[in-house]
Every structure is written in structure tokens, then in C-alpha cells.
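Chain and residue survey
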Amino acid sequence: MTEHVEWSEPEAVAAPANAPVTPADAADAARLVAFGLQPKLQPARDQEYAELLRRYREDPPFARLADAVAAGLGLIVLEVSPRAGMAVTAAEDSVFAVRMGDYARRASADSGDRFLHGLAHLAVAAMAFPRPEDLAEDGYIGRVSVNGVDAFVRQACRRLEERAEETGENTDPATDAPGLEAAWRIWARRSSTGATKDARRLAGSTTGIIAKAVAFLTESGFLQRTGDDAGGTYRTTARYQLQVRDMAGTAAMGELLELGVVPVTDGTATLLPAEDTDDLELAAGAGLPFHS
């Protein structure tokens, strides 16, 4: 059902304290979790979804039942609200978990590209929410572009290269052993766009990899495409903010932001560069929203 529903705070209806759980209750709880697994579905445009969300908010026993159904499926409930619906993310051992390695293998036969795909997702998240307050503010909408993300990563590469030169580290490791290179070195060596004879963007170029990342995020309900400028422009959704908020403590994302090269559109300062950090390497689980 796709009838538009206006959200308003309902009057609380007390549920019997010891009311037994019925098969119908379990079915409704599972139905709500199923809605949560459809990230593009908006509660305001589906009456059944909206009613189940209301019930979750009004009826604590039903909310606990829905949480238990989600937990049994290996899902973590990030938020249940009119803006995000039932926002869930997959735990590492869930059948719904997406593995960075599987994603990268589908996108490219080159094993070294796993680093690049992980870094692309990490960079999109960092550019979309460059400041702590951006993640904390529920109404904040981040905006990214394919070319902008590539420029950001390449600026980070230059910053890291400068740091390596200052400390006397080897900046030219063996080309036949990409696994020994930090992710930023692999990115810096890859062509930004490449080109086919008909001027199409190469899938293995860095902008091609970013385009793959944002397309996946769009299909997953995390981003919405807003235009074709700069290789494609996108805006974030409430679900993506919740996802990044949940994963913001990863080491790699912290190191990327600490470089202080994220542009902020209103001209205010971004996070300060760290005084002393190691080279950027993708930590386990750093490829948002994937598991290692």
C-alpha cells in the first residue's frame, strides 16, 4: 500500500502488562523488520509501515518483540523513527552482512582493488559528515560528488606522501607486491579517470571505483542521486547518517579525518590535523558499510 500518511504523535494506549504474545504479534514484528530491510521504503508513503512504527513506539512489549526478531536475524537496530523507519544494520555474523572482499571481487578481478574500494567508501563517509556535529545533528544532509571524493582522496595522498618523505620512509615499495603498499599509495598510482575510445570512464579508474561505491550506496538507500555534475552528485539519507554514526569510531576513518583536508562548504574549520599519526591503512571493517 502506498497511500501517503501524515505522521503525528498518537495518543498512548496502555497495553495489558502481562498480555501473551500471539502469532499475530510475532508476524507483525517480523513484518516491521522486513520493512526495515527495504531501505528505500519511506514510512510516510506506506500506511502499514507507519502503523507498525506507531505500534513500536506505543507498545513496549511489541518493541521488545521486534528487537528480538531483528537480533535473531543478526541485525542491529540503529533507530526506529518517522525519519528513518526501522533502520537496521547487519552484525558481522549476520546472513545479511556484506563483505568488502565479496563486493570488491564482484567489482574487479584485481585483488589490489580491495584497498581502493574500501578507501572509496571510507572517503564518501568522511566527506559526507566531515565534523562531529554533522553526525550528531539529525537534520543534517551531507552532499558529495564523484569527482569531489576523488580530489579529496588525492589531497590526502599528497599529505601522506609529504609525511612519509619527512620521516624518511620508503615511498616507492615493490610494484609487484601491492599488498605491502598502504592504500593511499595504490590510489595515487591509479589513473583518476582513464578513458575508453568513446570517452567512457574506466571502471578501474579511481572515479570509476567511486562511482561504483556511490551507486551501491544509492541502491542500498544510503544516498540519493541529485544530478550529473562533477561525475555525479548525491545527498545523504537518514539511514546513511545512522550507519556512519555507528561506524565513526573506526581507526581508518579517524585517521582520514585527522588529515584535515575535508572541505566544509560554509567556510568553517574542519577537524584539526593530528600532530602525530601513522600512515593511513585500512583497518578491519573500515570499508563502510561492510564487514571485513
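Notes on the structure follow. Just so it is clear, the structure is predicted and the values come from calculations on it, not from any experiment.

**A look at helix α9 (residues 206-219)**
- The terminal C-alpha atoms of α9 lie 20 Å apart, and with 14 residues this matches the ideal 20 Å at 1.5 Å per residue to within 8%.
- Among the residues trailing α9, G221 stands out with phi positive, at a value near 80°.

**A closer look at the nonpolar core**
- Among the nonpolar cores identified, the biggest contains 34 residues, and V124, V149, V153, W187 and Y240 are the most heavily contacted of them.
- Elements that contribute at least two residues to this core include exactly α5 (113-128), α7 (146-166), α8 (183-189), α9 and α10 (238-247).
- Ranked by residues supplied to this core, first place goes to α5 with 10 residues.
- Not counting residues within four places of it along the chain, the set of residues in contact with V124 comprises V144, V149, V214, L217, L223 and Y240.
- One finds V33, Y56, A66 and A90 within the second-largest nonpolar core, a separate group that totals 19 residues.

**Things to note about the side chain of T89**
- Looking at the secondary structure, you find T89 in strand β2 (residues 85-90).
- Residue T89 is classed as buried on the basis of its relative accessible area of 9%.
- At a separation of 3.3 Å, a polar atom in the side chain of T89 contacts the side chain of Q243.
- Not counting the four nearest positions on each side in its chain, T89 is found in contact with G74, L75, I76, L78, Q243 and D246.

**Observations concerning a nonpolar patch on the surface**
- A surface patch of nonpolar side chains, amounting to about 350 Å² of accessible area, comprises L37, L73, V95 and F96.
- Inspection of the secondary structure assignment puts V95 in the loop between β2 and α4 (100-107).

**Observations regarding the packing of aromatic side chains**
- Following the criterion strictly, the structure yields 4 aromatic pairs and no others.
- When the ring of F35 is compared with that of Y49, the centres are 4.7 Å apart and the planes differ by 15°; the resulting orientation is stacked. Here Y49 lies in helix α2 (residues 47-58) and F35 lies in helix α1 (residues 23-36), a separation of 14 residues in the sequence. Y49 carries the same exposure label as F35, and that label is buried.
- Judged by centre distance (6.0 Å) and plane angle (45°), the ring pair of F129 and Y240 falls under tilted. Here the residue F129 occupies a position in the loop between α5 and α6 (132-136), and Y240 occupies one in helix α10, the gap between them amounting to 111 residues.
- Looking at F129, the relative accessible area reads 1%, which means it is buried.
- Exposure remark for Y240: the relative accessible area of 0% places this residue in the buried category.
- One Lys or Arg, R55, reaches over the ring of F62 and ends 4.2 Å from the middle of that ring.

**A word on the sheet that holds strand β4 (residues 223-227)**
- Spatially, β3-β5-β4 is the arrangement adopted by the 3 strands of the open sheet, whose pairing is antiparallel. In this open sheet, the two strands that pair with only one neighbour each are β3 (143-145) and β4. The sheet shows a mean angle of 35° between the axes of neighbouring strands, taken without regard to direction.
- In this structure, β4 lies alongside strand β5 (residues 233-236), joined through 4 bridges in antiparallel fashion. From the neighbouring strand, Q224 faces β5, where its bridge partner is R235.
- Running at roughly 85° to β3, α7 makes contact with β3 and β5 of the sheet.

**A look at the pairing of β2**
- In terms of residue burial, β2 counts as a mostly covered element, since 6 of its 6 residues are buried.
- The antiparallel hairpin formed by strand β1 (residues 75-81) and β2 contains 3 residues in its connecting segment.

How each quantity is defined
- Residues numbered from 1 in each chain as written.
- Predicted model: local features only at pLDDT ≥ 70, side-chain atom pairs only at ≥ 80, totals over all residues.
- Heavy atoms only, no water.
- Helix = DSSP H or I, 4+ residues; strand = E, 2+ residues; numbered from the N terminus.
- Expected span 1.5 Å × (residues − 1).
- Core = buried A, V, L, I, M, F, W, Y, C linked by side-chain atoms within 4.5 Å.
- Buried < 20%, exposed > 50% of the residue type's maximum accessible area, 1.4 Å probe, protein only.
- Contact = heavy atoms within 4.5 Å.
- Polar contact = N/O pair within 3.5 Å; in protein donor to acceptor, adjacent residues only side chain to side chain.
- Patch = residues over 30% accessible without salt bridge, like charges linked within 9 Å, V, L, I, M, F, W, Y side chains within 5 Å.
- Areas by Shrake-Rupley, 256 points an atom, 1.4 Å probe, with all protein chains shown as cover.
- Salt bridge = Lys/Arg side-chain N within 4 Å of Asp/Glu carboxyl O.
- Phe/Tyr/Trp six-rings, centres within 6.5 Å; stacked < 30°, edge-to-face > 60°.
- Lys NZ or Arg CZ within 6 Å of the ring centre and 35° of its normal.
- Pairing = 2+ DSSP bridges.
- Axes fitted to C-alpha atoms, helices over the stretch in contact; angles between N-to-C directions.

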